[in-house]
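# Coordinates in review
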Amino acid sequence: MLTYYNHLHSDHEGKVEMFRGALVPCFEVPARVDRVLAELKKRKLGTVLPPNPFDDSALLGVHSQRYLDFLRGAWDDWVALDPANAKRDALPSVWPVRTLRSDVLPDNFAARMGLFSMDAGSPLTDGTWDAARAGADCALSAALAVAGGKRAAFALTRPPGHHAGADFFGGYCFLNNAALAAQALREQGLERVAILDIDYHHGNGTQAIFYERADVFYTSIHGDPSTEFPFYLGYADELGAGAGLGFNRNWPLPRGSGFEVWHATLQQALQGIAEFDAQALVVSLGLDTFVGDPIAGFTLQTRDFLQVGADLARAGLPTVFVFEGGYAVADVGVNAVNVLQGFDQQA
Ligand code: OKS
Ligand code: ZN
């Protein structure tokens, strides 16, 4: 498995996130990616490369200019408020909900944080931009490798991406790596690209980015948003809109679901991808469906992830894997690499 590793991922290291009314240590930690890299090397599962550099303009197919400008400068703006801020993460605390304006761009930093975010669980730190930006390069590099004829490639990066929208961060995500990979595949001439999101959480950002497009089909298996983050998107009746009607398909499952029901649902999601006649596949590879995950609620076992990889391979499509969630740090490396090895071993 050709892997593009984000060598700057650890520059993003949040200290605390808001959880049930308290500031608690971040679940989304650098050790997650370190574990996956160590397991890849241990099993000698192919080459590990640094990403190729891309211009910021490569992000504009997915993200808005004003969001990118905000994100690039946000840490410096935060520290400029008060030099003591350099020792603390920046978290939003106010949001433009219904009836408030999101077309105006306030000067106030807290107001801009809220305008460009969806929750208080995603600390912005010194290094967030550099880490997210290099992660985008990994996703774009993996997409170009696959467009150029590789059977598959893996973007090994954090922070994750699938909650990030065209102009907001949240759910630990800042730049939408999977969306960037899908858009890059389209720009390389692949006519129909499918995104399969198997993270425990619905990828609201990815869905929204492609919701009105017929050329990128988004399908996701995830915890029922009625009880699980991101709560406000990911329901079964979201089928796309306008030209994109029919090109979005969600598979919410109740918290507590196990591999039997999850695996049967995967076959349905893959059938949708086959009916769409996709020419390439992007997999949002979250491992937080694992039974031991501290913030999720499915019960997949380590061995199940080998089966998942084999099932994905049987779709028979050039495939870009993008690392997303998975917070059982001691197990996330083995679980992620099981998917990749299961894929590689399936002819
Ligand atoms: C806000 C964040 C809580 C859950 C974030 C989920 C992150 C994730 N308190 N997404 O796939 O793994
Ligand atoms: Zn997740």
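In what follows, the accompanying structure is described. (Residues numbered from 1 in each chain as written. Chains lettered and ligands numbered in written order. Predicted model: local features only at pLDDT ≥ 70, side-chain atom pairs only at ≥ 80, totals over all residues. Heavy atoms only, no water.)

## Focus: the overall build of the chain
Just so we agree on the cut-off: Helix and strand definitions follow DSSP, with helices as H or I runs of at least four residues and strands as E runs of at least two, each counted in order from the N terminus. Our radius of gyration is a C-alpha quantity, and the globule rule it is checked against amounts to 2.2 Å times the number of residues to the power 0.38. Burial here depends on accessible area, computed with a 1.4 Å probe over protein chains only, as a share of the maximum for the residue type. Under 20% is buried, over 50% is exposed, and the range in between is partly exposed. Contact between two residues is taken to exist if any of their heavy atoms lie within 4.5 Å; hydrogens are not considered.
The number of helices and strands found in the chain is 9 helices and 10 strands. In terms of overall size, the chain behaves like a compact globule, its C-alpha atoms giving a radius of gyration of 19 Å where 347 residues would be expected to give roughly 20 Å. Here the chain holds 347 residues, and the buried ones make up 56% of them. The long-range share in the chain, meaning contacts at least 24 apart out of those at least 6 apart in sequence, stands at 77%.

## Description of the packing of helix α4 (residues 128–147) against helix α5 (residues 177–187)
Threshold: What counts as an axis is a line fitted to C-alpha atoms, over the stretch in contact for a helix, and the angles between N-to-C directions run from 0 to 180 degrees. Crossing handedness is defined as follows: a turn of the near helix away from the far one that is anticlockwise and smaller than a right angle gives a left-handed crossing, while the clockwise case is right-handed. Three classes are used, and their members are as follows: Ala, Val, Leu, Ile, Met, Phe, Trp, Tyr, Cys and Pro are nonpolar, Asp, Glu, Lys and Arg are charged, and the others, Gly among them, are polar.
Following both chains from N to C, one finds α4 and α5 inclined at 35 degrees, their axes separated by 8 Å at the closest point. Of the two elements, α4 crosses α5, and the hand of that crossing is right-handed. Across from A132, G135, A136, A139, L140, A143, L144, V146 and A147 in α4, the residues of α5 making contact are N177, L180, A181, A184 and L185. Counted by class, the contact of α4 with α5 contains 12 nonpolar, 2 polar and no charged residues.

## Topic: the environment of M18
Within the secondary structure, M18 is located in strand β2 (residues 16–19). Linking M18 and D119, residues 101 residues apart in sequence, is a C-alpha distance of 8.7 Å.

## A short note on the nonpolar core
In plain terms, the rule: Throughout this description, the term nonpolar core refers to a set of buried Ala, Val, Leu, Ile, Met, Phe, Trp, Tyr and Cys residues connected via side-chain atoms within 4.5 Å.
Among the nonpolar cores identified, the biggest contains 50 residues, and F70, L124, L175, L185, V282 and V320 are the most heavily contacted of them. Counting 48 residues, the second-largest nonpolar core is a separate cluster that includes V36, F154, L156 and W251.

## Some remarks on the pattern of salt bridges
We count it as follows: We define a salt bridge as a side-chain nitrogen of Lys or Arg found within 4 Å of a carboxyl oxygen belonging to Asp or Glu.
If you walk through the whole model with that rule in mind, you get 16 salt bridges. Of the charged contacts in the structure, one is a salt bridge between D215 and R213, with a shortest N-O distance of 2.9 Å. Judged by relative accessible area, which is 16%, D215 ranks as buried. You can call R213 partly exposed: its relative accessible area is 22%. With a shortest N-O distance of 2.4 Å, D311 and R314 are connected by a salt bridge. Judged by relative accessible area, D311 falls into the buried class, the value being 4%.

## Considerations on the site of ligand 1
Heads up, the rule is: When at least one non-hydrogen atom of a residue lies within 4 Å of a molecule or strand, that residue is treated as near it. Within 3.5 Å is the distance limit for a polar contact, defined as a pair of N or O atoms, with the added protein rule that one can donate a hydrogen and the other accept it, and that residues adjacent in sequence qualify only through two side-chain atoms. Using the Shrake-Rupley algorithm and a 1.4 Å probe, accessible areas are obtained, with residue cover drawn only from the displayed protein chains.
Near ligand 1, the surroundings consist of M18, D119, G121, H162, H163, G171, Y172, D199, H201, F229, D288 and Y327. Within the side chain of H163, a nitrogen or oxygen atom sits 2.7 Å from a nitrogen atom of ligand 1. Within the side chain of D199, one N or O atom sits 2.6 Å away from an oxygen atom of ligand 1. When ligand 1 sits alone it has 370 Å² of accessible area, and the protein chains cover 89% of it. For the shell around ligand 1, the class distribution of residues is 4 nonpolar, 5 polar and 3 charged.

## Comments concerning α4
As a reminder of what qualifies: Working rule for helices: expected span equals 1.5 Å times residues minus one.
Compared with an ideal rise of 1.5 Å per residue, which puts 20 residues at 28 Å, α4 spans 28 Å between its outermost C-alpha atoms and is within 8% of the ideal. Count one or two residues on from α4 and you reach G149, which has phi positive near 120 degrees.

## A look at the coordination of the zinc ion (ligand 2)
This is how it is decided: Sodium, potassium and calcium take a 3.2 Å donor cutoff, other metals 2.8 Å, and in both cases only N, O and S atoms count; water is not among them, so sites may look incomplete.
Distances from the zinc ion (ligand 2) to its protein donors, D199 (OD), H201 (ND1) and D288 (OD), fall within 2.0 Å. Sequence spacing of the donor residues for the zinc ion (ligand 2), all on one chain, is D-x1-H-x86-D. Of this pair, D199 sits in the loop between β6 (193–197) and α6 (204–210) while D288 is found in the loop between β9 (280–285) and α8 (304–313), placing the two residues 89 residues apart along the sequence. Across the pair, exposure class does not vary: D199 and D288 are buried alike.

## Describing the pairing of β2
Regular strands have side chains that alternate between both faces of the sheet. As a reminder, the rule being used: Only strands joined by at least two bridges in the DSSP assignment are considered to pair.
Taken together, the 4 bridges between β2 and strand β3 (residues 22–25) define a ladder with antiparallel strand orientation. Bridging across to β3, M18 finds its partner in L23. Linkage of β2 to β3, two consecutive antiparallel strands, is achieved through a turn of 2 residues, within which R20 is found at a positive phi near 50 degrees.

## A look at the side chain of T219
For T219, the position within the fold is in strand β7 (residues 216–223). For T219, a relative accessible area of 0% corresponds to the buried category. Sequence-distant contacts of T219, defined by excluding residues within four places in its chain, comprise I195, L196, D197, R249, W251, A269 and I273.

## Comments concerning the packing of aromatic side chains
To keep it simple, the criterion reads: When two rings of Phe, Tyr or Trp (its six-membered ring) have centres within 6.5 Å they constitute a pair, described as stacked for plane angles under 30 degrees, edge-to-face for angles over 60, and tilted for the intermediate range.
Throughout the structure, instances matching the rule amount to 15 aromatic pairs. Between W78 and F109, the ring centres sit 5.8 Å apart and the planes meet at 35 degrees, which makes this aromatic pair tilted. One end of the pair, W78, is in helix α2 (residues 65–81); the other, F109, is in helix α3 (residues 109–115), and 31 residues separate them in sequence. Both residues of the pair, W78 and F109, count as buried. Three or more aromatic residues joined by ring pairs form one cluster here, namely Y67, F70, W78, F109 and F116.

## A word on the sheet that holds β9
The sheet built from 8 strands is open, its strands ordered β4-β1-β5-β10-β9-β6-β7-β8 with parallel pairing. The open sheet has two edge strands, β4 (48–49) and β8 (248–253), and neither has a second partner. Strand direction decides the pairing type here: strand β1 (residues 2–5) and strand β5 (residues 152–156), joined by 4 bridges, are parallel. Paired with T3 across the strands is F154, a residue of β5.

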